[in-house]
Amino acid sequence: MAEINISNINKSFGSTHVIKDVSLDIKSESFTVLVGPSGCGKSTMLRMIAGLEEINSGTISIDGQVVNDLPPKERNIAMVFQSYALYPHMTVFDNMAFGLKIEKKSKDEITERVMEAAKILQIEEYLERKPKQLSGGQRQRVAIGRAITRKPKVFLFDEPLSNLDAKLRVQMRLEIKQLQERLGVTSIYVTHDQIEAMTLGQRLVLMEKGRIEQIGTPIEVYEYPSSIFVASFIGSPPMNLVKGKMIRKSELELNGGLVIKSESFKDFDIDKQITIGVRPEHIVLNNKAECSIKVSTHNFERQGADSFIYGTVLNGEDKIIARVPHDYDYKNHETIDFHFDYANMHCFD
């Protein structure tokens, strides 16, 4: 299969600099997810790899060949779009065969490849139907099948599940992951949905404002976020972030005046502005340990086995979410001590 090497690429639309000196190496046969909020540049990155957008500077190599000046059809890639992009007047078979006909493959080879892809995706019974006769999930399978028939070196997925309902997204997510593992094709998947990213990707590339914030496996990014942006973006609910200032050695004064002590702060200088972060699952309630934060509660959500308490740091503005057992006896507008687990507390300066 193909390794992809991206070196110092830049892209501007007029005076707007949307991709800023990005470099990235993607291993052969890997599944890489580009994830970030809308407007961060992830789809533009994908379109530059595909050849649908020009690069202002830098290079993109696929399988050792610089492809900057190659048209999309010569890059040996296949792309699956959010909108399916199926021809409404063609049958499923003809939609899946269209690219092969353009490449002037023989009729027997076309039939063999389409039937092979249809079997993999379990859409053999739909080959004579037209797209309007299919559900959203079936149409997306056809779009993926069209990509499979070309036997490309690289699969590019541009938010392919955004138009599906929640239940079908979960199902298709599993199918895409199993498909990539089965075919072993180098794949790049773009999404703004961090749940999709965490469940699909072998490696995540988090983007913000045209730059890469962090690269790592899903568990690395979740447990060791490199910035406040990553900490707040990855995780559902997101990581709790509380701002404060060092007033004495190992003592942090939070916005609102509450002072907490922890050896985790010992290496920060006095007057240093610090943001501490902790996941909802790493908060213990009403613990008498030294590092506790008083929180005024204002909401409670039951989500099956777990529930979540929402509150605000006493006399401050920072919001806090804690995960608790589903049978927790919640009382609204009470003040609770939230203890942060030292081993899982993060400090950002």
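See the structure shown above.
Procedures and definitions
- Residues numbered from 1 in each chain as written.
- Predicted model: local features only at pLDDT ≥ 70, side-chain atom pairs only at ≥ 80, totals over all residues.
- Heavy atoms only, no water.
- Helix = DSSP H or I, 4+ residues; strand = E, 2+ residues; numbered from the N terminus.
- Buried < 20%, exposed > 50% of the residue type's maximum accessible area, 1.4 Å probe, protein only.
- Contact = heavy atoms within 4.5 Å.
- Pairing = 2+ DSSP bridges.
- Axes fitted to C-alpha atoms, helices over the stretch in contact; angles between N-to-C directions.
- Parallel < 35°, antiparallel > 145°, perpendicular 65-115°, else oblique.
- Left-handed = near helix turned anticlockwise from the far one by under 90°.
- Nonpolar A, V, L, I, M, F, W, Y, C, P; charged D, E, K, R; others polar.
- Core = buried A, V, L, I, M, F, W, Y, C linked by side-chain atoms within 4.5 Å.
- Salt bridge = Lys/Arg side-chain N within 4 Å of Asp/Glu carboxyl O.
- Polar contact = N/O pair within 3.5 Å; in protein donor to acceptor, adjacent residues only side chain to side chain.

(A) Representation of the overall build of the protein in the model. Helix and strand counts for the protein stand at eight helices and 20 strands. By principal-axis analysis of the C-alpha atoms, the protein measures approximately 75 × 45 × 35 Å. Classification of the 349 residues of the protein by burial places 49% in the buried group. Excluding contacts between residues fewer than 6 apart, the proportion of contacts in the protein whose partners are at least 24 apart in sequence is 66%.

(B) Quick look at the sheet that holds strand 14 (residues 273-278). Read from one edge to the other, the open sheet built from five strands follows the order 13-12-11-14-20, with strand pairing classed as antiparallel. In the strand order of this sheet, the two ends are held by strand 13 (259-261) and strand 20 (346-348), each with one partner. Direction aside, neighbouring strands of the sheet carry axes that sit 40° apart on average. The sheet contact formed by strand 12 (residues 251-254) and strand 13 spans three bridges and is antiparallel. Its bridge partner being in strand 13, Leu252 is matched across the sheet by Ile260.

(C) Geometry of the packing of helix 3 (residues 107-121) against helix 4 (residues 136-149). The contact between helix 3 and helix 4 brings their axes to 9 Å, and the two run at 135°. When the axis of helix 3 is compared with that of helix 4, the two are oblique. Where helix 3 crosses over helix 4, the handedness of that crossing is right-handed. Contacts between helix 3 and helix 4 pair Arg113, Val114, Ala117 and Leu121 from the former with Arg141, Ile144, Gly145, Ile148 and Thr149 from the latter. Taken together, the residues of the contact of helix 3 with helix 4 sort by class into five nonpolar, two polar and two charged.

(D) Structural detail: the packing of helix 4 against helix 5 (residues 166-183). For the pair helix 4 and helix 5, the least separation of the axes is 11 Å and the interaxial angle reads 15°. Our classification of the angle between helix 4 and helix 5 gives roughly parallel. The way helix 4 lies across helix 5 gives a crossing that is right-handed. Residues Gly136, Gly137, Gln140, Arg141, Ile144 and Ile148 of helix 4 lie in contact with helix 5, whose contacting residues are Leu168, Gln171, Met172, Glu175, Ile176, Leu179 and Leu183. Class assignment for the residues of the contact of helix 4 with helix 5 results in seven nonpolar, four polar and two charged.

(E) Expanded view of helix 1 (residues 42-50). Buried residues dominate helix 1, accounting for seven of its nine residues. Backbone geometry just after helix 1 places Gly51 at a positive phi near 90°.

(F) Geometry of the nonpolar core. One finds Val33, Met96, Ile144, Ile176, Tyr189 and Leu206 to be the most contacted residues of the largest nonpolar core, which totals 46 residues. No other element matches helix 3, which puts six residues into this core. Counting residues in hydrophobic clusters, the runner-up holds 29 residues, among them Leu24, Leu46, Met79 and Ile188.

(G) Seen up close, the pattern of salt bridges. Counting across every chain of the model gives 13 salt bridges. A salt bridge links Arg47 to Glu53; the shortest N-O distance between them is 3.4 Å. Residue Arg47 is classed as partly exposed on the basis of its relative accessible area of 28%. In the salt-bridge network here, residues are joined through shared partners; they are Lys11, Arg47 and Glu53.

(H) Spotlight on unusual backbone geometry. Omega for the peptide link from Ser236 to Pro237 comes to -5°, which places this bond in the cis form. Along the chain, Pro237 turns up in the loop between helix 8 (228-233) and strand 11 (240-248). Located in the positive-phi region is Asp63, a residue other than glycine, with phi close to 55°. Relative to the elements of secondary structure, Asp63 occurs in the loop between strand 4 (57-62) and strand 5 (65-66). Unlike most non-glycine residues, Asp271 shows phi in positive territory, near 80°. If you trace the backbone, Asp271 turns up in the loop between strand 13 and strand 14.

(I) A look at the environment of Thr199. The topology assignment puts Thr199 in helix 6 (residues 194-200). Of the residues examined, Thr199 reaches a relative accessible area of 33% and is grouped as partly exposed. The spatial distance from the C-alpha of Thr199 to the C-alpha of Arg173 is 8.0 Å, given a sequence separation of 26 residues. Those residues within four positions of Thr199 in sequence are excluded, and the remaining contacts are Arg173 and Lys177. Only 2.9 Å separates the side chain of Thr199 from the backbone oxygen of Ile195, close enough to count as a polar contact.

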